[in-house]
Amino acid sequence: LQLVISIAQIRAGGGVHKAIKSLMANRLLSRESQAYEGYRLTYTGYDVLALKALTARGVVTAIGRKIGVGKESDIYTAQTPEGEEVVLKLHRLGRTSFRAVKKKRDYLKSKSAGNWLYLSRLAAMREYAFMRALYAQRFPVPTPKDQNRHVVVMSLVPGYPMYQVRAGEMGHPEQVLDACMNIAIDLARHGLVHCDLNEFNLIVDEHENVTLIDFPQMISTSHHNAEEMFDRDIHGIAKFFRMKQRFPVDYDQLPKLPAIVSEVEALRLSAGLAQAASGAGTAADGGDEAAEDGDLAAPMFLGAGDDAEDEEIALDSQGLGLGFDDAAAGADADGQERAAVPVRLDLEVKASGFTDEDEDLLRQAIAQAREGAEGEDGDDGAEDGDDGEVE
């Protein structure tokens, strides 16, 4: 208790026992006596801390109903001070269905074993960073509002998850299929593979517009498993339309990641040569704005040299600031129009303090959580009825 008193800055004899007892009665804290003697924060307690911070910031003023439950998160509606209805996504890595997997697999290795609150915070940080970047690129994603701890606040997207749309209810399945494929292609052009692009993570509205949700597990197109994950995404969407929507799909015409990457690299090479030629011409004329070779490799949203923000995304409060490299677009020496070069979002999309080691740990945790949930839901549900606590 001395450590609790010190951290909480409570004077000795100031009712710390009563406060802890009250917190435990409301399941905000839990007593720990196995690994150590003390107390630990539960997910309910972590929820309260995050919601208190978001309320203090003026982001939300009221919490509504639960609209979704996933393997790794709970989804609620909320209201802003302006009366706008938004969505709260509370990441919950390590819920009951995952506990048996943790016992059987030592995937955490030497990391702080079983700190699910930390992993959930990493998942929220990563998802929010990607959402801001993708929103700025005009991808069909929810509008990012804010993030604190394991909670992400975003706009409420109209429509229904695509898996709820039954065969015959989709008026133009070919257009929806094209929209889904274009999302995967556009992500790849920006250096990303979704890794979980399926009917559960796509929202379709009454006008058959498609919105992408849930992306903390994205990987770079440079990842050694990128092509495998891309093919799995593409074939998963194709299978949904063929099996569930009864829509014929030509598998031979499905997009391939190597072709997309080659196309973008050709654009970058062309743009780089054009910029180098333009810079040389300007220098020959005595201009002061000659392009330097080192500038060609720098992502648009980072400053050059010492002006970079320590690998943290440089966006304004609205999540804007990214886009296509318009400087690479225009006309070349022959007067031919050049296509804009997509920015490599995989290079620098990192939340503050989010390391490569954290990214690997989070990806393993999400993968194992999904694997464990498929086979352990029934057995683990009876193992421990206290879903508010985290092992």
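The following refers to the structure shown. Bear in mind the structure is a predicted one, so any value in this text is a computation, not a measurement. (Residues numbered from 1 in each chain as written. Predicted model: local features only at pLDDT ≥ 70, side-chain atom pairs only at ≥ 80, totals over all residues. Heavy atoms only, no water.)

A short note on the packing of helix α6 (residues 173–189) against helix α7 (residues 226–243)
Move 1: Contact pair α6 / α7: the axes reach a minimum separation of 11 Å and the direction vectors enclose 175°. Judged by the angle between their axes, α6 and α7 are roughly antiparallel. Contacts between α6 and α7 involve P173, V176, L177, C180, M181, A184 and A188 from the former and F230, I234, I237, A238 and F241 from the latter.
Move 2: Of the residues that constitute the contact of α6 with α7, the class distribution is 12 nonpolar, no polar and no charged. (Axes fitted to C-alpha atoms, helices over the stretch in contact; angles between N-to-C directions. Helix = DSSP H or I, 4+ residues; strand = E, 2+ residues; numbered from the N terminus. Parallel < 35°, antiparallel > 145°, perpendicular 65-115°, else oblique. Contact = heavy atoms within 4.5 Å. Nonpolar A, V, L, I, M, F, W, Y, C, P; charged D, E, K, R; others polar.)

Some points on α6
Move 1: Relative to the 24 Å expected for 17 residues at 1.5 Å per residue, α6 spans 24 Å between its end C-alpha atoms, a close match to the ideal helical length.
Move 2: Of all the residues in α6, the buried ones are P173, V176, L177, C180, M181, I183, A184, L187, A188 and R189.
Move 3: At the C-terminal side of α6, G191 shows a positive phi close to 85°. (Expected span 1.5 Å × (residues − 1). Buried < 20%, exposed > 50% of the residue type's maximum accessible area, 1.4 Å probe, protein only.)

What to know about the environment of E265
Move 1: With respect to the helices and strands, the residue E265 is situated in helix α8 (residues 257–284).
Move 2: Put simply, E265 and P342 are 77 residues apart on the chain and 9.9 Å apart in space, counted from C-alpha to C-alpha.

Digging into the sheet that holds strand β10 (residues 202–204)
Move 1: Pairing is antiparallel across the open sheet formed by three strands, whose spatial order is β8-β10-β11. A strand with exactly one partner marks an edge of an open sheet, and here the two such strands are β8 (160–161) and β11 (210–212).
Move 2: Where β10 lies against β11, three bridges are found, and the strand directions are antiparallel. Paired with I203 across the two strands is T211, which belongs to β11.
Move 3: Contacting β10 and β11, α6 runs over the sheet at an angle of about 30° to β11. (Pairing = 2+ DSSP bridges.)

Things to note about the sheet that holds strand β7 (residues 151–155)
Hydrogen bonds along the backbone pair up the strands of a sheet, which may run parallel or antiparallel.
Move 1: Spatial ordering of the open sheet is given by β3-β4-β5-β7-β6, a layout of five strands whose pairing is antiparallel. Edge positions in the sheet fall to β3 (62–69) and β6 (144–148), since each of these pairs with one other strand and no more. Each adjacent strand pair in this sheet contributes to an overall mean axis angle of 25°, direction not counted.
Move 2: In this sheet, β7 lies alongside β6 in antiparallel orientation, the contact comprising four bridges. Counted as the bridge partner of D146 is V153 from β7.
Move 3: Across the face of the sheet, helix α3 (residues 43–56) comes into contact with β3, β5 (85–91), β6 and β7 while running at roughly 130° to β6.

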